[in-house]
Amino acid sequence: MGEKSTNDVHLHYKEDGSGDADRVVVEQEDDFSKERPQWDNKAEFLLSCVGFAVGLGNVWRFPYLCYKNGGGAFLIPYIICMVFAGIPLFFLEVSLGQFMSRGGILCWKICPIFQGIGFATTLIMSFCNMYYIIILTWAFYYMFMGFTSVLPWSHCNNDWNTDNCTTNFTNVDENSSLVAPVVEFWNNKALGITDDITNAGGMRWELVGCLALSWVVVYFCIFKGVKSTGKVVYFTATFPYVMITILLIRGALLPGAIDGIKFYIIPEWHRLLDGQVWIDAGTQIFFSYAVGLGALTALGSYNKFNNNCYRDGIIISIINSCTSLYAGFAIFSIIGFMAHEQGTEVGKVVDSGPGLAFIAYPRAVSLMPVAPLWSFFFFFMIVLLGLDSQFVGVEGVVTAIGDLIPHIIYKGYNREIFIAIVCFLSFLVGLAMVTEGGMYVFQIFDFYSASGLVLLCMAFFETVVIAWVYGGKRFIDNIELMIGYRPAGSWWMLLCWHFLTPAISVAIWLFFCVTWKPMTYGSYNFPIWAEGIGWAFLIASSSMIPLVFIIKLLMARGSFLERWRVLTTPQLKPHQLRKTYADSAIVLSGYQGSEMGTQTPAEMDDSPPPYPGRKHVDTIEDPAASKPLIKPEPTAV
């Protein structure tokens, strides 16, 4: 076995079975890598991941989809998608961030030609940050409006109530136009919703204030980086579990609760033949696990290199799904109580989407003793569930961009200023969603920009690039280097990354497209041009992958195969290399390209470092190559 050394940096090869060697570009360690902030302890990382992944999707989206798709029958495809797609992809993103010690963009220097995945996920996360915080805005609004002796959505004696408002649904015909006061509070008071997306109406100034408050809270949670984020999650990630437990105990003691729980756990087996059940289960896994957004990669990047990311990934994934199941018992006990109160079936109580959290739940707490207190606790929980997901999402965007220009972002107070700019710009976009027609804008963002099709697209490319281009076995070797042992069941991860996860993503994506229908909100059908805006969101992020791919190919030199070889060569640092050696190798000297990784070896001979402080690096080339990309200078073995 042999070893090469230039500039006191040892460059190694690991042979595979074919006799070809893994090519790497080895960068010297820089000051930024050494000084990059890290979590103070493992608990902060675990709680941050739990706080980001466990959110409103677990509280209202999972129970609604379970309710919509046959109760317990939904759990079967849900668990299958969790095992074959959710856990493998969650583990891949966290371990990738930890191995590369970079956020959502630069972590893809592991395969530079597909760095567009990083730009795509960062853009998706930016869209998500812009609209997800609106749910916090509504929660703050409800929490403040509940500071009364009698909850305003519990009666029909308000200015916004109509003649159709009633609190007595006994013997009411199902075709009646009567509505509950909580529905009128949501539509007439909270939203003041118009009848068409073209009618934006005026600003809902109470919501504007709550939106501003939400962004201020998010800013002060993250402006000091992981040092402040890690401390906040001790409370924000744990309190919701306390509140869910209280709601479960309270709900289980209400009349009719058992009917709701039966509906939740008793499956309708024939529903397994319905393709929509499977697509809902798959999209819920991606939405709930928060994969394809780049934020998990950012969180993993702040881990120490030798952190046991395998164990952490499995633990967090299990906590995520168990939280959904646990919250389901609390929620369906309350829904059963509401069905008992209204004298109707459990399946006719709940509306979809935001209606579950902001119509059904307020109605439930209004029927409880000391209703204002329960209202405060519930919406405070909703705020916390959304808050830690929100500030981790913003942290993911800031980390991704900060890693591109660390000499600017991480100098002085520039990071705090940059976060303030990001929050303010996102606030300005959010203003479109707190107008009287803002719900329609929110629906477009929610459906197209950061869920469903676009996340499935990211899942497909992430797994294909790691498994087939970089090498799944090679990535498992990298994980073994980090944690000190080969992960148990690594064959399962390889099987999922190579075949199962991409197949599930493509199958759901195709079924989604084949069965696509125009968006609706209640009885309102969105116009085609509004659908076009939604598709523009989806295309804007997804197009980053082929766009960056083409740009990098055009900027490189040589034949297509030569360019491909260079641009699929990972750019690593010495501590990321396994200490095993090959008998011979060719060492090519030069300088590292830009952080975008667009320079080719042919350009490295006389090009200066991209910015002050960039150090000399060496490039290892495959000794099995028939033609070296540049003229090598032989180095003694």
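Draft legend 1. A look at the overall build of the protein chain. In terms of regular secondary structure, the protein chain is built from 24 helices and 8 strands. The contacts in the protein chain between residues at least 6 apart in sequence include a share of 83% that link residues at least 24 apart. As presented, the protein chain carries roughly 24500 Å² of accessible surface, and 64% of it is formed by carbon and sulfur atoms.

Draft legend 2. Summary view of the packing of helix α4 (residues 75-100) against helix α11 (residues 275-289). Packing of α4 against α11 leaves a shortest axis separation of 9 Å and a crossing angle of 35 degrees. Here α4 runs over α11; the crossing is right-handed. Along its contact with α4, which presents Pro77, Tyr78, Ile80, Cys81, Met82, Ala85, Gly86, Ile87, Leu89 and Phe90, the element α11 presents Val277, Trp278, Ala281, Gly282, Gln284, Ile285, Phe286 and Tyr289. Grouping the constituent residues of the contact of α4 with α11 by class yields 15 nonpolar, 3 polar and no charged.

Draft legend 3. Highlighting the nonpolar core. In this structure, Ile110, Trp138, Tyr142, Trp186, Met381, Phe475 and Trp497 are the most contacted members of the largest nonpolar core, which totals 175 residues. With 19 residues, helix α5 (residues 116-145) is the single largest residue contributor to this core. Ile110 has contacts with Leu96, Phe99, Met100, Ile466, Tyr470, Phe475 and Pro570, leaving out every residue within four places of it along the chain.

Draft legend 4. Highlighting the state of the cysteines. With the rule as written, the count across this model stands at 1 disulfide. Between the sulfur atoms of Cys156 and its disulfide mate Cys165 the distance is 2.0 Å. Between Cys156 and Cys165, the S-S torsion sits near -75 degrees, and that sign places the bridge as left-handed.

Draft legend 5. Layout of the environment of Leu453. Examined against the element boundaries, Leu453 turns out to sit in helix α19 (residues 453-483). Separated by 170 residues in sequence, Leu453 and Thr283 place their C-alpha atoms 8.4 Å apart. Here Leu453 is in contact with Trp509, Phe512, Cys513, Trp535 and Leu538, once residues within four sequence places are set aside.

Draft legend 6. Examining a nonpolar patch on the surface more closely. Taken together, Tyr413, Ile417, Ile421, Phe424, Leu425 and Leu428 make up a surface patch of nonpolar side chains, about 630 Å² in accessible area. Considering the arrangement of structural elements, one finds Ile421 in helix α17 (residues 414-430). Since its relative accessible area comes to 44%, Ile421 is described here as partly exposed.

Draft legend 7. The arrangement of the environment of Ala190 in detail. Its location among the elements puts Ala190 in helix α6 (residues 181-191). Owing to a relative accessible area of 2%, Ala190 belongs among the buried residues under this scheme. Among residues more than four places away in sequence, those in contact with Ala190 are Tyr141, Tyr142, Phe185, Arg204 and Leu207.

Draft legend 8. Geometry of the confidence of the model for the protein chain. Scored by pLDDT, the protein chain has a mean of 79; 78% of the residues are at 70 or more. Low confidence marks residues 1-21, where pLDDT is under 50. Its contacts with residues over four positions away, or in another chain, come to 64 contacts. For the stretch residues 580-637, pLDDT sits under 50, and the model shows 140 contacts to residues farther than four places along the chain or on other chains.

Draft legend 9. How the structure looks around unusual backbone geometry. One non-glycine residue, Ala290, lies in positive phi territory at about 60 degrees. Examined against the element boundaries, Ala290 turns out to sit in the loop between α11 and α12 (295-301). Its identity as a non-glycine residue notwithstanding, Val370 has a phi of 50 degrees, on the positive side.

Draft legend 10. Quick look at α11. Given a rise of 1.5 Å per residue, 15 residues ought to cover 21 Å, and the 22 Å separating the end C-alpha atoms of α11 matches this to within 8%. Across the 15 residues of α11, 12 count as buried, placing the element largely inside the fold. Ala290, located one to two residues past α11, shows a positive phi value of around 60 degrees.

Draft legend 11. Seen up close, the pattern of salt bridges. All chains considered together, the criterion is met by 6 salt bridges. Measuring nitrogen to oxygen at the nearest pair gives 3.7 Å for the salt bridge that ties Arg204 to Glu436. Here Glu436 lies in the loop between α17 and α18 (438-449) and Arg204 lies in the loop between α6 and α7 (205-222), a separation of 232 residues in the sequence. Among the salt bridges present, the one from Asp274 reaches Arg271, with a minimum N-O distance of 3.7 Å. Residue classification places Asp274 among the partly exposed positions, given a relative accessible area of 31%. By relative accessible area, which is 18% here, Arg271 ends up buried. The network of salt bridges with shared partners includes Lys473, Asp477, Glu480 and Arg486.

Draft legend 12. Layout of helix α9 (residues 239-252). With 14 residues, α9 extends 20 Å from end C-alpha to end C-alpha; this agrees with the ideal 20 Å at 1.5 Å per step. Residues of α9 that are buried: Phe239, Pro240, Met243, Ile244, Leu247, Leu248, Arg250 and Gly251.

Draft legend 13. Broad picture of the side chain of Asn58. Relative to the elements of secondary structure, Asn58 occurs in helix α3 (residues 56-68). When its relative accessible area of 1% is taken as the criterion, Asn58 is described as buried. Among the polar contacts listed, one links the side chain of Asn58 to the backbone oxygen of Asn320, at a separation of 3.2 Å. Here Ser324 takes part through its side chain, which lies 2.6 Å from a polar atom of the side chain of Asn58.

Draft legend 14. The packing of α4 against α19, seen in detail. Between α4 and α19, the least distance of the axes is 10 Å, while the angle of their chain directions is 60 degrees. The orientation of α4 with respect to α19, classified from their angle, is oblique. In the crossing of α4 with α19, the sense of the turn from one axis to the other is left-handed. Packed against α4, whose contacting residues are Leu89, Phe91, Leu92, Glu93, Ser95, Leu96, Gln98 and Phe99, the element α19 presents Ala459, Glu462, Thr463, Ile466, Tyr470, Phe475, Asn478, Ile479 and Met482 at the interface. Tallied by class, the residues present in the contact of α4 with α19 amount to 11 nonpolar, 4 polar and 2 charged.

Reading guide: rules and limits
Residues numbered from 1 in each chain as written. Predicted model: local features only at pLDDT ≥ 70, side-chain atom pairs only at ≥ 80, totals over all residues. Heavy atoms only, no water. Helix = DSSP H or I, 4+ residues; strand = E, 2+ residues; numbered from the N terminus. Contact = heavy atoms within 4.5 Å. Areas by Shrake-Rupley, 256 points an atom, 1.4 Å probe, with all protein chains shown as cover. Axes fitted to C-alpha atoms, helices over the stretch in contact; angles between N-to-C directions. Left-handed = near helix turned anticlockwise from the far one by under 90°. Nonpolar A, V, L, I, M, F, W, Y, C, P; charged D, E, K, R; others polar. Core = buried A, V, L, I, M, F, W, Y, C linked by side-chain atoms within 4.5 Å. Buried < 20%, exposed > 50% of the residue type's maximum accessible area, 1.4 Å probe, protein only. Disulfide = S-S within 2.5 Å. Patch = residues over 30% accessible without salt bridge, like charges linked within 9 Å, V, L, I, M, F, W, Y side chains within 5 Å. Salt bridge = Lys/Arg side-chain N within 4 Å of Asp/Glu carboxyl O. pLDDT = per-residue confidence, 0-100. Expected span 1.5 Å × (residues − 1). Polar contact = N/O pair within 3.5 Å; in protein donor to acceptor, adjacent residues only side chain to side chain. Parallel < 35°, antiparallel > 145°, perpendicular 65-115°, else oblique.

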